Structures are given as C-alpha cells and as structure tokens.
Amino acid sequence: MAVSRLDRLFILLDTGTTPVTRKAAAQQLGDVVKLHPHELNNLLSKVLTYLRSPNWDTRIAAGQAVEAIVKNVPEWSPTPKPKEESGSDISMEDASSDRLSFYRFDISRLLKHGASLLGSAGVEFEIQEDKSGEVDPKERLARQRKLLQKKLGLDMGAAIGMDTEELFNDEDLDYTPSSGAAGSRPPGGKSSGCLASENHTTMQAAELIDSEFRPGMSNRQKNKAKRMAKLVAKQRSRDVDPNEKSNDSFDGEPEEKRRKTTNVVIEQPATDTKVLIDNVPDNSGLYDETNEWPLESFCDELCNDLFNPSWEVRHGAGTGLREILKWHGTGGGKLVDSTEEEMTRQHQEWLEDLVIRLLCVFALDRFGDFVSDEVVAPVRETCAQTLGVALKNMSENGVEKTVAVLLKLLVEDQWEVRHGGLLGIKYALAVRQDMIGTLLPKVLPAITEGLQDLDDDVRAVAAAALIPVVDGLVQLLPSKVPFIVDTLWGALLELDDLTASTNSIMTLLSSLLTYPEVRQCSIQQSLTVLVPRVWPFLRHTISSVRKAALETLFTLLSKDDHSCAVWLTPILQDMLRHIFQSCILESNQEILDLIQKVWTELIRQAPHQYVVAASCPWMGAWLCLMMQPSHMPIDLNMLLEVKAKCKTSGKLRQGPNPVKETIQEYIAGADTVTEEPATRDYVVMRARMMAAKLLGALCRCICDPGVNATSQEIRPAESLAQLLLFHLNSKSALQRIAVALVLCEWAALQKDCEVVSSAVQPRLLAILSEHLYYDEIAIPFTRMQNECKQLITLLAEAQIDVRSRVNCSVFTIDQANELVTTIFNDSTATLNLKSKPCQPLDSKRQQVQMTVAETNQEWQVLHLRVHMFTACAVANLRLLPDKLNPVIKPLMEAAKKEENTLVQSYAATFIAKLLQQCTQRSPCPNPKILKNLCGSVCVDSLLTPCAACPVPLPPGQEPSRGVNSEKDGMHHSVNKTKGIITLYRHQKEAFAITSRRGPTPKAQKSPNADLPLGTGATAEVDESKKPCLVQRRGAEFALTVIARHFGPDLTTGLPHLWDSMVGLLRSSIDVNNFVGKLLLEKGDGAAQELVNSLQVLEITAGSMASELIPLLLQHLPHLCTCLQHPYTAVRHMAARCVGVLSKIATLETMNVFLERVLPWLGAIDDNTKQEGAIEAMACVMEQLEVDIVPYIVLLVVPVLGRMSDQCDSVRFMATQCFATLIRLLPLEAGIPDPPNMSEDLIRQKARERHFLEQLLDGRKLENYKIPVPIKAELRKYQQDGVNWLSFLNKYKLHGILCDDMGLGKTLQSICILAGD
C-alpha cells in the first residue's frame, strides 16, 4: 500500500530520530490544516492516538503537532447578536449549562470517594479479548493464567522445572465486572472508559465527577445533536445531486477526482485506541455551518483522558489542552447566536469546567517518578502549566475560586495532594501578576506552611512558588518577609545531600536577600551565625546546589553599603578557607568562575588588614593544596571538614550514631579521577590555574603598602617572598609550576612590589637554564636505573663487556637511551639475536627501551611546563633579561608541542605580551617569532592544502592523475588545477560517517559539558598526525590572541604580521589585468606561498579590531580575483577568506560578492571561474548560517541553474548549496532588505522572489491564456496543469505532468504545444 506524505509525517512524529525532526514533522502537520481546513477533525483524531502513546518523546512531539494545528485554526469569535433580537427562548434554554461549575463542585467529596490515579490501571494483566463473553469461564481463566505467567516471567520458571502453579489460584483471577462498567454512559454523554473498582466506596474519577457535579444533558447538547443531524442530512442531499454545482473549489470535477481530493486523510472506524471525533463527513462548508467551536469535541476527548488510569494518557491530555489553551484560550466555549454577554458567560463557564477537571487531577493523581534526587510528577506538572494558561483568560472571580480550591488541597494528608496544590498555586501566581495584591495575602500563610512541610518535595515546590513573586512579596507584605527568611535559614540546617528542595530554597533565599530592606529586617540572628549554614552546600554532590550556595554568598557580599564588614570579620578566615577549598575540588567551569567572583568580592568588602591577618597563616597550606599531585588523594587534615549543624529540636533524620565514612578527595574532584588522562590533566590544570588566580588576588593584598609599614617587625610581603622562594628552590616540578602561576596572576593585578619581585627574579632566571630530574619522575627514573644495570649484567654474562663505554653510577635519560641503541647494537653485532641463548638479551633490551621512553615522555612534559610557566612569570613581572632566548624558547616550544589546550593558550597569551614588550627593543625578536608562528599555522596539510597536491594521495598513486578518478565514486576528482576542495572534504566526511558499519558507538560520557575542545578532537586523529595538529592549534591560539592583544595597533605594532597576511596578495595579484597562465608559469612554490599567506589571513582576520576592518576590505577585490586562480589550493583558501570576511563585514562583502563573483557561476566556458565562485558561496553560507537569509533569494536562482551543469564538481557543489538554501527559504519573507543594498539588487530580488513563489507554490502561477481556440472547456485542475507547464516553459525548466488515466493530460499537453 502506498504511504501518503501525511502518513509519513505521522511516522516521523512517532519515530523521528531527533527532537528536531519530530518538531519539523509536527510543524508540517500544521501546514496541512492551513491548506486543507476541512481536514481538521481527521488530523486531530490521528494526533490523539499519538498523545496517548506510551513513549514520552512521541507525546511531546504530538503536543507540538497540536500546537502547530490549532495555531492555523482561525480564532473563534462568532459575531454576537444584537441584544433586542436575540430570541429569548434560546437564551433561556441554554442558560442551564451542562458544564461543571464551582457552585456544584466539592473537592472534599472527591478526595473522599474518588479513586486515586496511579501509574497505570493494571489492565496489562487482564485478558485482552473482546469476545470474552462468549468464552467458557474455565477456558478464560486458563488463558488468563497463561497470560499472567508470561507477564510475570513465571513461564521461565516452569521451563526450568519450578512449580509455579501454587503462586496464584483461580480465585485471584476471577472477577465480576461491577454494574458501572465502561459500556454504560454516565449522564452528560461522556464515556468514562474505565471500570469501577469492586470497592464501592471509591468511584472512578470521571464517573464520580459526571454523576455528582453535573446536571443531565442540557438543552445546549440537545440543540447541538439536532443541528448535527440536520447538517448531515443536508450534506447527503447535496452529495446526491451531481448537477447542482457545489460552492467549494471542486467546480465540475469528475466524481472520482472529487473523492480523491476530499479524503486526504484515510477515514478509519473509531476503535478503543483510535477515536474518530464526531465522525463528521469531510467538508469545509461544515466549519461555517455548525455554530460550535471547531475544537470543542477534541477538547472533550482530552478532558476525558485527564482521568485515564494510565499516567501517559493523562500526561498527553494535559499537554494537548495546554497547547489549545495557548492559542484558543480566549474563544473556547462561545456559541453562535448569542449576545456579547452570553458569549462571555459561556466562555467563562467553559474555562471553569476545564479548571475544575484540572483541580480534580491535582486531587487524585499519585504518579511520581524520581530523577536524580528530585521527584518529577509529569501529570501534575503539565496540568499545572495548563491551569496557568487557563487562568490567564479567567475572570478575577474565577481565579479566586480556583485558588480557594487549591488551598483546600494543601491541608490534605497525602503529600502528592499538597504537592499538586502548591504546583497549581505556583503557576497561578506566576501567570496572574496583576492579581498579586489580592492573591498573595490569601496564599502566603499556606505557602509558609509548605516551607515547613515534613515532605521535602512539597517544600521544594513551596519555595519555587515564591521565586517569581519575590518582588510583590517584599513590597506588599514586608511584615511577613522576616519570618519567611528565618524559615529558609532554618531549613538550611535540615537539608542534607539527598534533599531535593535545597536548590529552590537557596535560590529563593538569595532572591530575597537582594533587597536591602530584607537584609536589614531579616537579621534578627546575626549573619555571622547564619552564613556558616551555607558551607556544607559548597561541596554538595549536585552542581546546581553548589552554584546556588555560591550565588547566595555573592548576593550577601555584593552590596555596596559596606555593612558586610560587621558580620564578615569573625568568619572571614573560615570563609576564605571554604571558598579556596571549593576551588581546588571543583571540576565545573561555570562554578569555578563563580568562585572567583565570590572571592574577589570577599577581598574587596573585607578590610585589608583583616584579610591579611586571616590569610597569612594559611598561605602555605593553600599553596600545598594547589600543588597536589593529581593521582594522590588529598590529606584530609588539609581540608576543613564540612559538617551540617543539626537543629537540636525537631526530628533527627539519622539513626542513633551514624558512622561517617571518610571520602577520599582529589584535586579537581574525585569524579574526574577515572577520566582518560588528557581530560583529567585538563581539569586538574584548570583547578590549579583558578587557584593561582585566587592566590594572586591575595598576594596583592599582602603586598599592599598599607599593611607593610617599615616600622613593622615582620612584614607580610617579606614572609610571602620567602615562602615563594622556598618552593622555587625545591626539586619538585609541581612546586615550581604552582609558584610561577601565582606570580603570573599576581603580576597581572599589581604592577610593582620590589620586595617580592627582586627576591624571586634571579631564581626564576636560574630555573630557565636548569636541567633537572624532578621528584615527580622518581619512580620511573629509579626503575630505569635498575633495568639498565640488569641489562649490563646480562651482557656481561654473555661475555660482552660494555663497562668501558658506560662508566657511570647514575644514568641520565640520554645515556640510558644510548646504551639500549648504539652501544647495544655495536656490542651484539656479531651475535644472532634470534637464537635461543640470545633471546633473553633482546627482550630485556626492549623492556629497557620502553622504560626509557616512558621516563623521557614524563620528564619532557614536566620540563616544558616548568620552563614555560617560569618564562610567563618573567614576562609578566616585566623583568626581561638581556638574552631573550631562554624566555622565548620555552613559550614557543609550549605553543608547538603542549597537548593540553589550557597550557597552550596560556603560552599564547604570554607570547602576545612578550611581543608587546619587545616592539621598541633593538635588535627586535618579533619578526622571527612571527615568522615561526606563521610557518606553524600552515603545517597541517588537512587544513592548509598543498599547492602541488591539494588533497592527500592514496598510497601508490602518482600526483598527475589527480585523486580518485570518478570511477571510485567516493569523492569527486581533485588535482592541482581542477576540482573543489570544500566539496571533496564534505564528501569525505559524509563517507566517513556512512562507512562506519556495525552498531553505533556508545556516546562518550563526558563529566561536564565544559570539556576542552582539544582533548576529544586529538583523540580521533592517528598518532603520526598529532604533532602537526597540536603545532597548528598552538600557532592559531597565538595569532588570534596577538590580534586581540594589539587591537587597532596591529598594523603599526607588528608590520611583519600584517605583511604576512596581505603583502603577497597585493604584490602578486593584479586585479585589473589578471592572466591565469602567468601564475601557472611561476610554479608551485609561488602558489604555496600565496596559500600560506591566505591561511594566516583567514585565522587572524576573525580576531582583528573593528577599526582595521576597512583596511582588510581594501583587499577584498584581490581575494575575489584569487577565486579564478589556476591553482585549486589558492581558490580554496581565497574562498575561505571571503567566508571569514562575510562574517565580520557582512554588508560590504556580500555586495562585492553579488556584483563580482556571483555572475561567474554562469561562465560555462570557464570552469575555473565557476568552481571558485561556487566554492566561495559554500564558504560564505557556512560562515553566515542563518544570516544568509536576506540574500537567499538572490542566490537560489543562480544555484538552481548550476544543478544541471556539465562540470561534475560545479554540479555537486551547487546541489549541496541548494539543499542548504532551500531549507532556510521559508524564513526569508519576514526579513527586511539589508541597508545599503543597491536599487538594482532590490529589483532583481523582487523578480527572483516572484519566480520562486511560483516554483514552490502552484497556486501562485499566472493564468495562461491559450492563444488558439480549443474545442473543450478546461476544468479548473486542467487549467492549473496548463499554467504549470507554461511556467516551466517560460523559465526553461523540466517537469513531468502526472495524473490518473482519463483526466486530460493529453489535452493539457496539446494546449501548451499549440500555444508555444
């Protein structure tokens, strides 16, 4: 059976691979209603089955589909009747509405007699058989027993010989349906669809509500039934008379054609799971003739579903109602033929009915699930959101009645009922801010009670309910605020690692404390006592709680009235220790930034002499924490133990004496210890660098002249210098690195402090010339010594004496390396190492080689980092020595080889600072440094193509053939002068994805979302290419930092760099007199230089100051000329540069591109121009993404023409560009023309837009007048076909005319042929 496009959309809605795909399908279903309004009921009935799906993602997508569909249903506002003519009989009849109303509604009766709504109805274990009435009861029991055994997995037990017969007997299975079974409809005409349970005291919710709180079938419903009957009869008579022309669009079409177009959605019978609403015949005329809101029956279905025993169906119903109310909350329930007042009343009655149903859900729903440590009640949460949307349109009186019912729920015993009530209040307050004045005083006592509730999840919602109305609370009820704040501070004592309300309580507390009046009035207990209650949360296991705790501290500190000092001074030392400790143990970037913010504020607010007094005793310990080796747990004596103080009164949560297990803590958090080494190294380095920032800020305080008076016996700055010097003199790499980092950060904040800088500078310079085996490699180093000695002994046993060549008691790494390579090879040259007696020798040699390599690797990393950070410190202290090489070399080496992106970018920053300090120096090292960096940035041939061979060759193929002849089918052919590298790369990436056969690899677990770019990226590249990748990345970091650092002075301060970017462009490209042949004759070398120069331009341009952009744009004509360069690699780099310029100067670049480059797409005699132009377009699109939209219309049409180009590369690239552009085209209509667009382009844009509208929407085609007489009257659909053919003919496009047999294709073709 053929699947229609509509069915495909529904399949996507249910099984789309990503939320984005499902959402797109949902939105397209909305478009179907726009084009076929008469399909509304059918579409909604299909969506309804997906709203009931057990799959969460499907329900969410179905909710989006409901939104998209109802958005396109016109708002329901029937024209009111004038007062005098409204027939009194109708209004009187209708006055007795069948809706639920607060007048009849009694929540306490519902709670007493209504059955709870749980996770499911348990029907999974009932026998699913419609004909069960006809089956013999014994047989039915036997079948049910079998089914239940299977469901409970007991059939496996039977298979392995277990006796499962006795686990349940026939009495358990036999039940007699009670009298109120689903078949009988309760009054009100709504089927409840669920069984009443045997216990007669509780009734199913829907039934109870219908029987207790509703009148019988009202006149409104009777009238509705009569009207529907009339309409259906009228419809039938209309369908019977074929001669009479109907007033819809199917003028005189043949019967089968009409049938086909009407039934776009296949009708299906209404079954249990698939309900066809109102089973109305499809016709758009129906919209206008019923006097009922078109979504009424769909809403009734959803209202029924709110009480379905299965939680998924309830959740789907809440979601659907929420979307309907969003778009139609102002019109629901109104009837035609009513006066203005009646309509208002009907609307409010409808809202009231809906709100009462939602309140019933809060009262009866008991379904909850736990995610992390918080309860998630999807049904109650969704219904609360729906309630919020409903209350938006409700009268004030209605809102007050709703809130009154919600308040009744808060005194119930079951926590789920209280939870539901508070959720409702939360959304009511948030939505009706206009009624805060009346609502807040009513609900505040209950919310305050909620904050002290015994159930943690109820407390969480109570706090969350106040967060949106903090402002109103502080202004309207200032007298109540102190009690709330005290309650919150009190709650902090109750919380522990598992309490869910922590986050909401912290957030509410910090929101309240931002108001000065709250801070003054709330401090009945001093903050000195209260603030320490926050300490435990700084090390909470959930990151959002740690964040909330720090934000609370920041709020308290960041007030400029300097009132902090009073409460802060007594707890200053503890606070500094806790925050520093948090920094050392934190692995989340966002929280580290927040820690720095709090620390800076703390130092700013507290008086300096107190900060120095509090921190000096701990400075040594903090430095030691910062030097903590990453693989060793921290000594717990170094850490403050964080105990939550418990209230003495109140219930104790623990048992008698809980034994607290000691948790091992590591630098950068114990949770990252198990990560792969590169990731672990990254987070540890990040924690050390942040700790250095904190200590740098402290050093500035300690060196403040105010606290270092000459009269003092011991000056803090001198003690600090001694402490730093002590660590610099140690043999540990980590100690040296830590001190160098602290010095860097301190020097960045404070320009001069003679005492410290004069003490450390000589030592720093000495370190730069030291080669030392650091303590950290002691273990592999000792192992290497032992193994070397064992090897020498083995050689001696084989009568080979090497002691004459190796006479040292301790081997250096170089000597050990020489022993296992040169010396070993020379000594054993005469032996056959493969022979049996010599095998132990060879295997020992291999073992030693591995140990030497490992020791060397570890030492290199440490050595590089010690020297690099030391060089950074020297540069930042502005104490450059006469010989610069010892400072420059480690920085350049780190930029070239350091695999940790943090360390690499740190080195890049200091290269920029060094260049700045050396601009006036003579001789100036800058040109040499820059030349080095520009060379490094081009080393990766994957990113900077080689002019002679632009894409890597497969092994064993000579360059002349070009890569991959078309027969390979994988990539298109690229050689020195032909092809498009961007296309080659896109195809290669696509191929790599599709060729990964087998199961999808597991997604990598990453501890935080904020992991480095560099760690994962380098992991996938093969080891041999890694050095190139690292070197290029370091140079890229450096060039971008340099461009930012120098800002507008880049061209004057670093003329060499500016020349590397644009010098060759200016000198080798003649814009007005371009001759490609001459450039080919210059050879590969010249082309490669130009490629490298463009590479530097591409990387640096994006970071340049805005003042320099006009200078860059002067070179845009040269770049555009390069797009027709004979070398493929030059065209590629020029296209990338144009892309980058389009990002930083969109208007100017796009104007030049449209005027100069775009016309080249049509140059079918010159493939080089075409390739350059289409590649530039691809790069511009990649850079601009959505910002390309204002220009889309001008680009689509030229690209469309190239999709049938005879040149493969142009055709493939154009097809890719078209696919991207056409996706964005729907956005174009709403965006104005860019400023400065020329008149010609605006006119052209209008022409192209007109063409595209016709291409994409057949209804907009111009009517084609056939210039010759024809002996037939064209039907409407036939005229449409002729219009389409004429449009194709006019624009020289291709197309196919399709239709069923006998509907006139030949006639249409003859018309167009005769008229042409």
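Above: the structure in question.
Heads up: these notes are all about the structure in this document. (Residues numbered from 1 in each chain as written. Predicted model: local features only at pLDDT ≥ 70, side-chain atom pairs only at ≥ 80, totals over all residues. Heavy atoms only, no water.)

**A look at the pattern of salt bridges**
Reasoning step 1: On inspection of all chains with the given rule, the structure shows 34 salt bridges.
Reasoning step 2: The partner of R314 in a salt bridge is D365, with the nearest N and O atoms 2.7 Å apart. Note that R314 is positioned in helix α15 (residues 311-328) and D365 in the loop between α16 (340-364) and β1 (369-371), a separation of 51 residues in sequence.
Reasoning step 3: The class of D365 is buried, set by a relative accessible area of 0%.
Reasoning step 4: E770 is the salt-bridge partner of R763, the closest N and O atoms lying 3.2 Å from each other.
Reasoning step 5: A residue is classified by how much of its surface remains accessible, and R763, at 14% relative accessible area, is buried.
Reasoning step 6: The exposure class of E770 is partly exposed, given its relative accessible area of 22%. (Salt bridge = Lys/Arg side-chain N within 4 Å of Asp/Glu carboxyl O. Helix = DSSP H or I, 4+ residues; strand = E, 2+ residues; numbered from the N terminus. Buried < 20%, exposed > 50% of the residue type's maximum accessible area, 1.4 Å probe, protein only.)

**Description of the packing of helix α20 (residues 436-451) against helix α21 (residues 456-466)**
Reasoning step 1: Two elements in contact, α20 and α21, have axes separated by 7 Å at closest approach and are oriented at 140°. Taken together, the axes of α20 and α21 lie oblique to each other. Note that α20 runs across α21; the crossing there is left-handed. Residues L444, I447, G450 and L451 of α20 form the contact with α21, whose own contacting residues are V458, R459, A462, A463, A465 and L466.
Reasoning step 2: For the contact of α20 with α21, the residue count by class is eight nonpolar, one polar and one charged. (Axes fitted to C-alpha atoms, helices over the stretch in contact; angles between N-to-C directions. Parallel < 35°, antiparallel > 145°, perpendicular 65-115°, else oblique. Left-handed = near helix turned anticlockwise from the far one by under 90°. Contact = heavy atoms within 4.5 Å. Nonpolar A, V, L, I, M, F, W, Y, C, P; charged D, E, K, R; others polar.)

**Some remarks on the packing of helix α41 (residues 926-936) against helix α46 (residues 1055-1068)**
Reasoning step 1: At their nearest, the axes of α41 and α46 sit 9 Å apart, and the two run at 30° to each other. For the element pair α41 and α46, the recorded crossing hand is right-handed. Of the residues in α46, those touching α41 at P927, L930, K931 and C934 are H1056, L1057 and S1060.
Reasoning step 2: Tallied by class, the residues present in the contact of α41 with α46 amount to four nonpolar, two polar and one charged.

**Let's talk about helix α55 (residues 1208-1224)**
Reasoning step 1: For α55, built from 17 residues, the straight-helix expectation of 24 Å at 1.5 Å per residue is met to within 8% by its first-to-last C-alpha distance of 25 Å.
Reasoning step 2: Among all positions in α55, only S1209, V1210, M1213, A1214, C1217, F1218, L1221 and L1224 are buried. Along the long axis of α55, the arc covered by the buried residues comes to 155°, so they all point the same way.
Reasoning step 3: Residues of α55 that are buried make contact with α42 (981-994), α53 (1167-1184) and α54 (1192-1202). (Expected span 1.5 Å × (residues − 1). Arc of directions from axis to C-beta.)

**Notes on a negative patch on the surface**
Reasoning step 1: A cluster of acidic side chains, namely E989, E1182, E1185 and D1187, defines a negative patch on the protein surface.
Reasoning step 2: Mapping E1185 onto the fold places it in the loop between α53 and α54. (Patch = residues over 30% accessible without salt bridge, like charges linked within 9 Å, V, L, I, M, F, W, Y side chains within 5 Å. Areas by Shrake-Rupley, 256 points an atom, 1.4 Å probe, with all protein chains shown as cover. Lys, Arg positive; Asp, Glu negative; His and termini not counted. Charge placed at Lys NZ, Arg CZ, Asp CG, Glu CD.)

**Regarding the packing of aromatic side chains**
Reasoning step 1: A full pass over the atoms with the stated rule returns 12 aromatic pairs.
Reasoning step 2: Aromatic pair W1284 and F1287: ring centres 5.8 Å apart, planes at 25°, arrangement stacked. Here F1287 and W1284 lie together in helix α57 (residues 1276-1290), a separation of three residues that amounts to about one turn.
Reasoning step 3: For F1287, a relative accessible area of 3% translates into the label buried.
Reasoning step 4: Among the aromatic residues, those joined into a cluster by ring pairs are F580, W599 and W622.
Reasoning step 5: Lying over the aromatic face of W618, R577 brings its terminal NZ or CZ to 3.5 Å of the ring centre.
Reasoning step 6: Positioned above the aromatic ring of F554, the side-chain terminus of K597 is 4.5 Å from the ring centre. (Phe/Tyr/Trp six-rings, centres within 6.5 Å; stacked < 30°, edge-to-face > 60°. Lys NZ or Arg CZ within 6 Å of the ring centre and 35° of its normal.)

The analysis is restricted to geometry; functional conclusions fall outside its scope.
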